[in-house]
Amino acid sequence: FIQSNLRSRAAWSYGHTMLSEVEKNGIRSLLQRLTKEDLVSLTDTVTNRAVTVDSCKDAIEAILSFTMNVKVLLRRKKVRREHVFQYLAENQVFVPSTADKQQLIKKVMELWEVKEKEMKNGGASSAGAGDCEFGDSSVSSTSQDMRVSARVVAIEPASSTTSPGHSPKTSPGLCGELEKKEPDDYGQKYAEQWTPWFYDLLRQCGTNMIHDPMQPHGMSDWGEHHFWTDSVLNIEVTARNQTTEENYSGALNVSRRLYSLVVRESIYLNPNLDRNGIKGRLDQHSGMVLVTASGTVHRHSHFVGIFSQAFGLLRDPSVNNNYRIKFTNLQLRSTDYMPPYQT
């Protein structure tokens, strides 16, 4: 044990890195998605077994210390495609579900380039080569952290986050101590509570037969108060070998589009409520809870496909520290033709 420990210390003293602070922070966030077993294995590979680690934190720092090329690290098998995809989603970079790992890595590098420029410019946003583009998308900006490249479809400018005289129901909560002591368990448990709450709330829009999509408040408690003012919605529909995309920004626009999906298009999203259908994780740095849900899509009494939806939830101190939706990415795979929404 003593020899191993001395060998580790010697390796640490010779380990050095050329990574920037943005890259280091990004890699830390990415590697936190790996299991301890995978982190230890990755540490052995990157350090050529020169370092012995006992914790996830030590493993990540060892990997950072011995990493000279970010792309080489991200291409490692232990850093899986879903890890990179989740990292991009948390940073509000939306990519097609068909994108391969190499394409995702390219988007990560572009994201970090944008953040590097913003740091050099004192936090000011800078448009140009660092912007992430997807297809024919154009660049829009609502986030201070980074720009979301998307074709933003504006329905109507949002004037407020809550309707006058409306007392919105809040999202479910869990014990704060659990959030501090067991962040991984907290994220999963919260996702298992929040997911049925959200889809039940959305389902009420259709069952209560609220016919005016421009006035979503009524018997249902659905509304823009559940979303951050700069929230983002991305919808990707694949049907008959064709894929269409829609992008919306702003609490009111996002709320109304999801409302219209249920009321005007008669779409019923039925989530799989066991652990195979719901995943949750708490990011310890941002406090964001990343929730992913999957299930089946129905129209009237017919099964028409499957769906997968990702959410980023952040606490809002102005509403008793309850969670609001920061972004959501909805993917629909249809066995029947689902015409694109007409604004």
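None of these values were measured; they are calculated from a predicted model.

What counts and how
- Residues numbered from 1 in each chain as written.
- Predicted model: local features only at pLDDT ≥ 70, side-chain atom pairs only at ≥ 80, totals over all residues.
- Heavy atoms only, no water.
- Helix = DSSP H or I, 4+ residues; strand = E, 2+ residues; numbered from the N terminus.
- Buried < 20%, exposed > 50% of the residue type's maximum accessible area, 1.4 Å probe, protein only.
- Contact = heavy atoms within 4.5 Å.
- Polar contact = N/O pair within 3.5 Å; in protein donor to acceptor, adjacent residues only side chain to side chain.
- Pairing = 2+ DSSP bridges.
- Salt bridge = Lys/Arg side-chain N within 4 Å of Asp/Glu carboxyl O.
- Phe/Tyr/Trp six-rings, centres within 6.5 Å; stacked < 30°, edge-to-face > 60°.

Moving on, we get to the environment of Arg-333. By the element assignment, Arg-333 lies in strand β9 (residues 322-334). According to the relative accessible area criterion, Arg-333 is partly exposed, its value standing at 24%. In this structure Arg-333 touches Ser-97, Glu-236, Thr-238, Val-304, Gly-305 and Ile-306, once residues within four positions along its chain are discounted. Only 3.2 Å separates the side chain of Arg-333 from the side chain of Thr-238, close enough to count as a polar contact.

So, on to the pairing of strand β4 (residues 242-249). Pairing geometry for strand β3 (residues 227-239) and β4, over 8 bridges, is antiparallel. In the strand pairing of β4, Leu-233 is matched with Tyr-248. As consecutive antiparallel partners, β3 and β4 are separated by 2 residues, and within that stretch Arg-240 has a phi angle of approximately 55 degrees, a positive value.

A few words now on the side chain of Thr-47. If you trace the backbone, Thr-47 turns up in helix α3 (residues 36-47). Among all residues touching Thr-47, those that are not within four sequence positions of it are Ala-62 and Phe-66.

We now examine the pattern of salt bridges. For the coordinates displayed, the defined rule picks out 17 salt bridges. Measuring nitrogen to oxygen at the nearest pair gives 3.2 Å for the salt bridge that ties Arg-80 to Glu-82. The salt bridge partner of Arg-281 is Asp-283, with a shortest N-O separation of 3.8 Å. Taken individually, Arg-281 and Asp-283 each receive the classification buried, so the pair is uniform in this respect.

On to the packing of aromatic side chains. The full count for this structure, using the stated rule, is 12 aromatic pairs. Residues Tyr-186 and Tyr-190 carry aromatic rings whose centres are separated by 6.0 Å and whose planes lie at 15 degrees to one another, so their mutual orientation is stacked. Placement of the pair is Tyr-186 and Tyr-190 together in helix α9 (residues 183-207), with a separation of 4 residues, close to one helical turn. For the pair formed by Tyr-186 and Tyr-190, the shared burial category is buried. An angle of 15 degrees between the planes, with centres 5.0 Å apart, marks the rings of Trp-194 and Phe-198 as stacked. Taken together, the residues span about one helical turn, with Trp-194 and Phe-198 both in helix α9 at a distance of 4 residues.

Quick look at the side chain of His-298 now. As for its placement among the helices and strands, His-298 is situated in strand β7 (residues 289-299). Among the polar contacts made by the side chain of His-298, one reaches the side chain of Thr-296 at a distance of 2.8 Å.

Of note, the phi angle at Ser-266 is positive, near 55 degrees, even though the residue is not glycine. Under the relative-accessibility criterion, Ser-266 is labelled partly exposed at 24%. One non-glycine residue with positive phi stands out, namely His-300, at about 60 degrees. Take His-300: it is sitting in the loop between β7 and β8 (302-316).

Take the pairing of strand β5 (residues 267-271) next. In β5, alternate side chains face the same way, and those of Ile-267, Leu-269 and Pro-271 are buried while those of Tyr-268 and Asn-270 on the opposite face are not. Sheet topology note: the β5/β7 ladder contains 5 bridges and is antiparallel. Paired with Ile-267 across the bridge in β7 is Arg-299.

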